[in-house]
Each structure stands twice: as C-alpha cells, then as structure tokens.
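# Tertiary structure, described
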Amino acid sequence: MSTTIHLREHQKAGLDAIQAWLGWPHIKTPRPDGERATYVSATGSGKTITAAAAAREFFPRGRILVMVPTLDLLAQTARAWRRIGHTASMVAVCSLYGDEVLDALGVRVTTNPIQLALWAGAGPVVVFATYASLVDRVDPEDPFGTAKVRGPLETALVGGERMYGQRMDGFDLAVVDEAHGTAGDAARPWAAIHDNTRIPADFRLYMTATPRILAAPRPGTDGEETPVVSMTDDPDGTYGAWIHELGLSEAITREILAGFEIDVLEIRDPDPMLVLSEEALRGRRLALLQTALLEHAARHNLKTVMTFHHRVEEAEAFADRLPKTAAELHAT
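These figures come from a predicted structure and were not determined experimentally.

## Quick look at the packing of helix α2 (residues 47–58) against helix α3 (residues 71–83)
Packing of α2 against α3 brings their axes to within 9 Å, and their N-to-C directions diverge by 50°. Considering the angle they form, α2 stands oblique to α3. Pair α2 / α3 crosses with right-handed handedness. Within the contact between the two elements, α2 uses T48, I49, A51, A52 and A55 and α3 uses T77, A80 and W81. Grouping the amino acids of the contact of α2 with α3 by side-chain chemistry returns six nonpolar, two polar and no charged.

## What about helix α8 (residues 278–299)?
Its 22 residues give α8 an end-to-end C-alpha distance of 32 Å, which sits within 8% of 32 Å, the value for a rise of 1.5 Å per residue. Taken together, the buried positions of α8 are occupied by Q290, A292, L293, H296 and A297. Taken around the axis of α8, the buried residues stretch over an arc of 165°, which confines them to a single face. Within α8, the exposed residues directed more than 90 degrees away from the buried face are A298 and R299. On its buried face, α8 is in contact with α9 (312–331). One or two steps after α8, the chain reaches N301, where phi turns positive at roughly 55°.

## Points about the sheet that holds strand β4 (residues 107–110)
If you trace the eight strands from one edge of the open sheet to the other, you get β4-β3-β5-β2-β8-β10-β1-β12, paired in parallel fashion. Single-partner strands in this sheet number two, and they are β4 and β12 (241–246). Averaged over all pairs of adjacent strands, the angle between strand axes in this sheet comes to 20°, irrespective of strand direction. Pairing analysis gives six bridges linking strand β1 (residues 35–41) to strand β10 (residues 201–208), with the strands arranged parallel. Pairing of T38 across the sheet is with Y206, part of β10. Relative to strand β5 (residues 125–130), α3 is tilted by about 160°, and along the sheet it contacts β2 (63–68), β3 (90–93), β4, β5 and β8 (171–176). Relative to the sheet, helix α5 (residues 113–120) contacts β2, β3, β4 and β5, its axis offset from that of β4 by approximately 155°.

## Concerning the side chain of H10
By the element assignment, H10 lies in helix α1 (residues 9–22). When neighbours within four sequence positions are excluded, H10 is seen to be in contact with Y39, S45, H244, L246, R254 and I256.

## A short note on empty space enclosed by the protein
Here the structure, examined in full by the defined rule, presents one cavity of 30 Å³ or more. Quantified by volume, the largest cavity comes out at close to 60 Å³. K47, T48, A51, V66, V68, T77, W81, V175, D177 and M207 are the residues that line the largest cavity. Counting residues per element, the ones that place at least two in the lining of the largest cavity are α2, β2 and α3. Residue contributions to the lining of the largest cavity peak at three residues, all from α2. Among the residues making up the lining of the largest cavity, the classes are represented as six nonpolar, two polar and two charged.

## Things to note about the side chain of R36
By the element assignment, R36 lies in strand β1. For R36, which is buried and forms no salt bridge, the nearest opposite charge comes from D33, at a distance of 4.1 Å. Polar contacts involving the side chain of R36 include one to the main-chain carbonyl oxygen of D33, which spans 2.9 Å. From its side chain, R36 meets the backbone oxygen of H194 in a polar contact 2.7 Å long.

What counts, and where the lines are drawn
Residues numbered from 1 in each chain as written. Predicted model: local features only at pLDDT ≥ 70, side-chain atom pairs only at ≥ 80, totals over all residues. Heavy atoms only, no water. Axes fitted to C-alpha atoms, helices over the stretch in contact; angles between N-to-C directions. Helix = DSSP H or I, 4+ residues; strand = E, 2+ residues; numbered from the N terminus. Parallel < 35°, antiparallel > 145°, perpendicular 65-115°, else oblique. Left-handed = near helix turned anticlockwise from the far one by under 90°. Contact = heavy atoms within 4.5 Å. Nonpolar A, V, L, I, M, F, W, Y, C, P; charged D, E, K, R; others polar. Expected span 1.5 Å × (residues − 1). Buried < 20%, exposed > 50% of the residue type's maximum accessible area, 1.4 Å probe, protein only. Arc of directions from axis to C-beta. Pairing = 2+ DSSP bridges. 1 Å grid on protein atoms, 1.4 Å probe; cavity = no way out; pocket = protein on both sides within 12 Å on 5 of 7 lines; lining within 4 Å. Points joined across faces, edges and corners; volume = space filled by probe spheres on them. Lys, Arg positive; Asp, Glu negative; His and termini not counted. Salt bridge = Lys/Arg side-chain N within 4 Å of Asp/Glu carboxyl O. Polar contact = N/O pair within 3.5 Å; in protein donor to acceptor, adjacent residues only side chain to side chain.

In short, shape yes, function no, at least from these values alone.
Here it is in structure tokens:
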C-alpha cells in the first residue's frame, strides 16, 4: 500500500476488516439507507489514520464526508488525512476562517451552503464538518427570528430555490468520528447523521473507542417513548455490525498503548474561611493543583503528564503558569 505513513499491524488488521465490509475491489451495492459498520478501537490506537488510509485505498476518487465533534479535532484530522496522502480538494464546514493549519493544508473553509455546493458540489472531495453543522439555524429571511432552516451541510445537500440552482451531491463514504456522541436521543440534532435521506452516503463508518449501548427507551412525561439510537452490534441497526474491536486492555497487553495507573489527589484549602474574590480563588486553586501535580510527578519520577480542563482558556493558563510554579517550588 503506497501510503506516506507506515501502518502498524493492528491498523492493517483494521484496514482488512474495512475492506471485507466494503467488498473491495468489487464494492457491493449499498442498501437504500446506506451500508453501516462500527469500528471500535482504543483511544490512541490510530483510528484517524486507519480511516484515512481506507478512504484513500478504497475510494481513491470518492466523495468523502468526515464528521468530528470539535474544531480542534477537525484541524487535527485534516492534517492526518493530508499526511496519509489525500490530494483531493478539501473543504471544512466550520467557522475556522483564516486558520493557519487549514490554510497550510489547502483546506477551504465555509459555513455558507451555496459556497459549499460550489466548492464540493460534484467530483472527488473530502468534506470535514463538525456536528454543529447539523444544527438548525435561525432563518435569516424570517423578520420575526423564529423560523428555522437546516444547517449548512444539509442545506447544500438538499438544494432548493434558496440555493440559486446549486446543490451538493451525496457521499460515497461518511466517516463518523467519536461516534458515541451521536448515540442516545434520536431527536438530537447530531442524530441527523444517521438519516440517509438528510445526509446521503453509500457507506457509513462509525469510529469510536467507547461505544454506547443503551437500554430500551423509557416513557416520557407525555406517556410516549422517546426514541433512542444505541451502538448495539447489529447488522440491521443504526450503527451496523462491529467489524473490528480492539479494547484498551488488549491494546496495552499487545504494547500498542502504554500502561497507566490512576492516582487520585486530595487537595484541601488550608484557609477555607478566607474571603477572596472569584478571580483570586481561581488563582489559588490553580496554584494548589499545580503544586500537587508537580510534587506527585517528582515523587513518582513522571516525565510526561496529561491534564484535562473544562475550557481552553483554563488549559492555556495552566500550561503558561506551570513552569513558574515549578521554579518557585524549586527555589523555596
């Protein structure tokens, strides 16, 4: 396989599973609601690279849709797809106008359905979109601001008089990343990705490390059941059959991923009754967390750590302040 990135053995096995599902080189005729399959693989095992390699190998001149939950992941995914050797035109349906990464990759950005249809209307293309592009928008032509229109991705696919004759063709393959986020309430906007009349794709490949298996729906407040979509291993279900499964424990056993342990740190405020402003409290909390982390890292000789934060601003502040906290601890 002529890829610019060398696939590891477990990724090659995943590629073989995708090939068998497609029936490649004689790709099977998809059913009316599209062929579906779920690819389960542990976080960090290279699902993005495997999906990109599959699209390049099995749909070399195809129309590909890649759905991701966040803007950061969209840029990372576009970079990986270029690295794997995709040279087709790329369009991102998101708000990252002027993004340096996407600009360098030659990925055009728009949230305008007419522009999207002009750029990706027909022929080979890779369209990246966040799930937010599936959310209905306020109708700009409604003077009262109460009417809704479909999101830009769906609007471009449907066409109509507002599109001035422009319309985007459906897709050969839709890669649904972090697919567990689309499970649950079937009425959620993200669930539109499952509907082949709204987002037409011959093949849907759902990628996840943590499939959500949900119980039968319970009656709502009005006595009617709320429909749910579950990632059950079912060839006839919304997510199709599980064609590949690599769990976390197996990935660690096979040394695909490094082993890890979870340590819980208990932090107590020495002056809980001290009256401080909200900003001062945040700064105090940040210093305590950094001190605890650094002391724990020193005690256990940790060379790499990963921290999770609710907001990007908090992560940036944590990273910016950490060297200063370390220097102060060393000095004192």
